[in-house]
Amino acid sequence: MAKYISFDYETTMNGTKRNPHPSYTDNFILTYSVVVENNGIRTTYHPDNSEASLAWVMAEEVADLINEEQADFLIGHNMKFDIEYIFHKAKSREKGKQYLRALVTGKHQWWDTSLAHYLLTGQADKFPTLGLAANRYASDGMGSKSSYLEDFLRDNPESTTADCDWNELSNYCAKDAKLTLDLAKAQMEEALRVGMFPLIVTMCDALRAVVEMECNGLNVDLTAYLDATRFYTELADTKLKYISDDITSIASLMDNIEGTGLLTSHPIETAKAIISSSQSLSHMLFGSKKQKEYKIVIGKTKGGLNRWGKFYQKEHDGILPKHIKTAILEGESRGANGYFSVDFDTLEKARRYLSAHDPMSNELNLISNILEYREAEKYVSTYLEPVSGMLRAHDTIHHTLHQTSTSTGRLSASNPNFQNQPNNKVIKSIYVPECRSLFDPTKVFLEFDYKQLEVIGIAYITGDASLKRDIIAGVDIHSKIGSKVFGRPPTKEERRNIKTVVFAMLYGSGIPNIIKTSGLGESLVSDIVKGFKDSYPKVFAHHRMVMEELTEKARVLGYTDKDMVTLTSKTGRQYKFNLSRDITPKGVSYRPSWTQVCNYPCQGFATGDIVPMMLGVLLDSRADCGYDFDLRNTVHDSILISCNNSDWQEVYEHCKKVLENPYPHLKRLFGITDFDLPLLVEGSVGPNWGNMAPIAND
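Parameters at a glance
Residues numbered from 1 in each chain as written. Predicted model: local features only at pLDDT ≥ 70, side-chain atom pairs only at ≥ 80, totals over all residues. Heavy atoms only, no water. Helix = DSSP H or I, 4+ residues; strand = E, 2+ residues; numbered from the N terminus. Rg over C-alpha atoms; globule rule 2.2 N^0.38 Å. Buried < 20%, exposed > 50% of the residue type's maximum accessible area, 1.4 Å probe, protein only. Contact = heavy atoms within 4.5 Å. Axes fitted to C-alpha atoms, helices over the stretch in contact; angles between N-to-C directions. Parallel < 35°, antiparallel > 145°, perpendicular 65-115°, else oblique. Left-handed = near helix turned anticlockwise from the far one by under 90°. Salt bridge = Lys/Arg side-chain N within 4 Å of Asp/Glu carboxyl O. Pairing = 2+ DSSP bridges. Nonpolar A, V, L, I, M, F, W, Y, C, P; charged D, E, K, R; others polar. Phe/Tyr/Trp six-rings, centres within 6.5 Å; stacked < 30°, edge-to-face > 60°. Lys, Arg positive; Asp, Glu negative; His and termini not counted. Expected span 1.5 Å × (residues − 1). Bend = angle between axes of the 7 residues up to and from the residue. Core = buried A, V, L, I, M, F, W, Y, C linked by side-chain atoms within 4.5 Å.

**Q** Help me understand the overall build of the protein, please; the structure alone is not making it clear to me.
**A** Assigned secondary structure in the protein consists of 27 helices and 21 strands. Here the C-alpha radius of gyration of the protein, 29 Å, is about what a compact globule of 698 residues would show, namely 26 Å. Reported as C-alpha extents along the three principal axes, the dimensions of the protein are approximately 85 × 70 × 60 Å. Expressed as a percentage of the 698 residues in the protein, the buried residues total 53%. Contacts in the protein between residues at least 24 apart in sequence constitute 70% of all its contacts with a sequence separation of at least 6.

Below is the structure:
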């Protein structure tokens, strides 16, 4: 009989908005509970007196208990939170790393009941609580979660866990640990029954890699960070000055603004007010049928209050020439507030039209400067300023990777979102393999990017023979389609446009929506779509077949638009599809979302199944490498690690060999033997994340 060990912590909540994050220096462990079961006999460990136990003592006690109990399954609910407390609250950084390595590469099979519930519900229940997951088995006699802590925090909005009665909190923690163990056993039984056990085990193996990435985090070069912040702040200020000059140079605009004295006395504030308000900017570019008042802060009173000024934009037709305005707004409509969208796509479209038809105009200068101002301001506000509030010990940011947040199983990230960093060397260069306080110039980053992974997923799932042949032959499918469209190899810009259209189409967008979002002409988009469908006809034939099968399944089961229909993949993952009412000459039917049918199975197999699977495999392979490396981050189809500079070539060869060989693992875990497409990785190496040089393959 299998031996199980489950554990749980209760911790302080000293971060912003009662944030109990383990990396926050002022947070610590209040109490713990460890439950061991073998042959139905349970042993429970917990501290007798919280005041006598320092946080590091409890962290190390739990780690030692886990390592001493050679259980088959190590169980927790959102267990990375508790594992990371062991890392962050150990007596020393070195001790924490020792415990982390032992836990993520130990003999225990991890089972996270939160992750298991998410998978068993077909990714429908995102970020599931312990109470929600336990309720799934209530009819089978599963106990319910204690509400003590939730009730206490609700009734005492200014209090945190540190204010609880310790005996009550300790009992609450023990009940959670016992419930988690019972829940895991029930989930294992269900997973075996429905064929999802291998998938859950695989994703829990990926969780071990995720925990290491979050604990290691990314280090920040504070000098580079301050330089980047200063550079983009000054650039934004410069662009704002140019915008102010551009506004005053456009006579048609100045004729329609009252209160223009503000542009003389407070030009920067006025310019910023005009472009920062979506209504004001739309009014300026596209016009409005009514006058609108706008207020701006122009200083402070002696009492420290804001001193306001105001100006008016009169009713007018906007500063853009009529033919350009018509082209930009084709298919667009005014929003509920009476104004047009002035997002990036709209302004970029305006910039392109003005560049083609009026390249010397003040209006082009204005829109170009607005776009550049927005970009610089976004770099500061979104990617730089928040960094200072996220720095922890040793100038490190411990980001969060989510495994239970998407409908495909793909990982997402937050605090900060390291999967959504701009492709900007200045900003990404602030992230280094080792911080200055522990500076080691011999450390480097290695990054591995899977080539065409989502296209490979599409080829495998749909079975399109032509697409599979081209992938095996190393054909660039976007260049191939470009040659069909243009009668010659496409330029770099043309290929980029083709790639944009192809991926939008592959994930369910129709031609009108692609035209709207890409800004490309209808004939070009139509030609690209036709070129792809002619080259790879089975891709969409497969999607249509799945649509009809799921529609028929919904009919047989009597589903309506209040239900979701399920598709099971070759890995055992289930996808839940929304249904919508469809009226045809044959009657009413309920059909799944075309976008979801196109997107979920293909993207899910590529970045929801293969990448997480290979994260766990790569972590386990470290023992056979001969050279040490640390997992640091993953971005969809790429993996970032760090190692010693002197070892990077050997580490690169090892990791490349591992990552390019998913075949035995697909067979071992899922019984998949027909995946025969090459899974190739491109590597890069560098002293920071922004300066990564491609590694040439022999």
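Once you've had a look at it, read on.
**Q** Just checking my understanding: could you explain the packing of helix α20 (residues 477-486) against helix α23 (residues 522-535) for this structure?
**A** How two helices pack is summed up by the angle between their axes together with the distance between the axes. Packing of α20 against α23 brings their axes to within 9 Å, and their N-to-C directions diverge by 120°. Comparing the axis directions of α20 and α23 gives the class oblique. In this structure, the crossing between α20 and α23 has a hand that is right-handed. Residues K480, I481, K484, V485 and F486 of α20 form the contact with α23, whose participating residues are L524, D527, I528, G531, F532 and S535.

**Q** How should the pattern of salt bridges be read in this particular structure?
**A** A side chain with one charge may pair with a side chain of the opposite charge, provided their charged atoms come close. According to the stated counting rule, one finds 34 salt bridges in the structure shown. Where R154 meets D155, a salt bridge forms, and the shortest distance between an N and an O atom there is 3.1 Å. Using a relative accessible area of 55% as the deciding quantity, one classes R154 as exposed. Beyond isolated ion pairs, a larger network of salt bridges with shared partners links E37, R42, D182 and K185.

**Q** How should the sheet that holds strand β20 (residues 681-688) be read in this particular structure?
**A** Where strands meet in a sheet, backbone hydrogen bonds hold them as pairs that are either parallel or antiparallel. The strand order across the open sheet formed by five strands is β18-β19-β14-β20-β21, and the pairing between neighbours is antiparallel. Unpaired on one side and paired on the other, β18 (629-635) and β21 (691-694) mark the two borders of the sheet. Taking the axes of each pair of neighbouring strands and ignoring which way they run, one obtains an average angle of 25° across the sheet. Across six bridges, the pairing between strand β14 (residues 443-450) and β20 is antiparallel. Each residue of the ladder has a partner; that of D449, found in β20, is E682.

**Q** I'm lost on the packing of helix α18 (residues 453-462) against helix α19 (residues 465-473) in this one. Help?
**A** As a packed pair, α18 and α19 sit with axes 8 Å apart at the nearest point and diverge in direction by 140°. Our classification of the angle between α18 and α19 gives oblique. Both α18 and α19 take part in a crossing whose hand is left-handed. Contact residues: α18 offers V455, I456, I458 and A459, while α19 offers L467, K468 and I471. Split into classes, the residues belonging to the contact of α18 with α19 amount to six nonpolar, no polar and one charged.

**Q** Which parts of the structure should I look at to understand the sheet that holds strand β6 (residues 218-220)?
**A** The antiparallel open sheet is built from three strands, whose spatial order is β10-β6-β13. Each edge of the open sheet carries a strand with a single partner, namely β10 (396-397) and β13 (431-432). Pairing between β6 and β13: two bridges, direction antiparallel. What sits directly across from V220, in β13, is Y431.

**Q** Hey, could you run me through the packing of aromatic side chains in this one?
**A** The geometry of two aromatic rings is summed up by the distance between their centres and the angle between their planes. Evaluation of the coordinates by the stated rule reveals 26 aromatic pairs. Each ring, one from F73 and one from W111, has its centre 6.4 Å from the other, and the planes form 80°; the classification is edge-to-face. Within this pair, whereas F73 is found in strand β4 (residues 73-76), its partner W111 is found in strand β5 (residues 109-112), the two being separated by 38 residues in sequence. Take F73 and W111: they sit in the same class, and that class is buried.

**Q** Could you clarify how one ought to interpret unusual backbone geometry in this entry?
**A** Only a minority of non-glycine residues have a phi that is not negative, and only a minority of peptide bonds are not trans. Going from N415 to P416, the amide bond is cis rather than trans, its omega being -5°. For Q123, which is not a glycine, the phi torsion comes out positive at approximately 65°. For Q123, the position within the fold is in the loop between α4 (113-120) and α5 (130-135). Phi angles above zero are rare outside glycine, and N415 is one such case at about 50°. Residue position: N415 is located in the loop between β12 (412-414) and α17 (425-428).

**Q** Any chance you could explain helix α2 (residues 79-89) here in plain terms?
**A** Counting buried positions along α2 yields nine of eleven residues, so the element is predominantly enclosed. For α2, the set of buried residues is M79, K80, D82, I83, E84, Y85, I86, F87 and K89.

**Q** Before we go on, may I ask you to explain the side chain of E363 in this structure?
**A** Here E363 is to be found in helix α16 (residues 362-390). Of the side chains with opposite charge, K325 comes closest to the buried, unpaired E363, at an N-O distance of 12 Å. Among residues more than four places away in sequence, those in contact with E363 are I250, I319 and L354.

**Q** It is not clear to me how the environment of M58 should be interpreted in this structure. Could you clarify?
**A** Summarising the element assignment, M58 is placed in helix α1 (residues 55-68). Residue M58 is classed as buried on the basis of its relative accessible area, which comes to 0%. For the pair M58 and Y9, spaced 49 residues apart in sequence, the C-alpha separation works out to 9.5 Å.

**Q** Can you walk me through helix α25 (residues 594-621) in this structure?
**A** The α-helix winds at 3.6 residues per turn, so residues separated by three or four positions along the chain end up facing the same way. With 28 residues, α25 should reach 40 Å at 1.5 Å per residue; the first-to-last C-alpha distance of 40 Å fits that figure. Maximum bend of α25: about 45°, positioned at G604. Burial analysis of α25 places 25 of its 28 residues in the buried class, the great majority of the element.

**Q** Sorry, what's going on with the nonpolar core here?
**A** A general tendency of soluble globular proteins is for nonpolar side chains to be buried together. W110, W111, L446 and F675 are the most contacted members of the largest nonpolar core, which totals 125 residues. Membership of the second largest hydrophobic core comes to 57 residues, among which are V220, L253, I257 and A271.

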